[in-house]
Amino acid sequence: MVVHKEVTGRRRIPAPPPGHRETTMLTLKVLACLALSALLLVPLVLRDAMQTSAGQQLQVPNVDAQGMWAHWPRQ
């Protein structure tokens, strides 16, 4: 990037290249689409995670509590 100095001693910022605005807008649109896609996927990921954890909580071990209590030493 070439910066020109004017007679006043102040630096002049060069103009952006042609098509720069279109490229910037395209980049922003792509980033916006990616962000929106991520936001739309969050409920699906959370639902799958909740179903997995709920499924694990519902698994009750097959234990005969009355049989264990019957064999417990009484004092």
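Thresholds applied
Residues numbered from 1 in each chain as written. Predicted model: local features only at pLDDT ≥ 70, side-chain atom pairs only at ≥ 80, totals over all residues. Heavy atoms only, no water. Helix = DSSP H or I, 4+ residues; strand = E, 2+ residues; numbered from the N terminus. Buried < 20%, exposed > 50% of the residue type's maximum accessible area, 1.4 Å probe, protein only. Areas by Shrake-Rupley, 256 points an atom, 1.4 Å probe, with all protein chains shown as cover. pLDDT = per-residue confidence, 0-100. Patch = residues over 30% accessible without salt bridge, like charges linked within 9 Å, V, L, I, M, F, W, Y side chains within 5 Å. Salt bridge = Lys/Arg side-chain N within 4 Å of Asp/Glu carboxyl O.

(A) Spatial organisation of the overall build of the chain. Counting secondary structure elements, the chain contains two helices and two strands. Secondary structure elements of the chain, listed N to C terminal, follow the sequence β-β-α-α. Burial analysis of the chain (75 residues in total) assigns 1% to the buried set. With an accessible surface of roughly 7800 Å², the chain has 65% of that area assigned to carbon and sulfur atoms.

(B) Examining the confidence of the model for the chain more closely. When pLDDT is averaged along the chain, the result is 78, and 76% of the positions lie at 70 or above. Confidence scores differ between elements of the chain, with strand E1 (residues 4-5) showing the lowest mean pLDDT of 58 and helix H1 (residues 20-58) the highest of 83.

(C) Up close: a nonpolar patch on the surface. A cluster of nonpolar side chains, namely Met25, Leu26, Leu28, Val30, Leu31 and Leu34, defines an oily patch on the protein surface of about 570 Å² accessible area. If you trace the backbone, Leu28 turns up in helix H1. On the basis of relative accessible area, Leu28 is assigned to the partly exposed category, the value being 48%.

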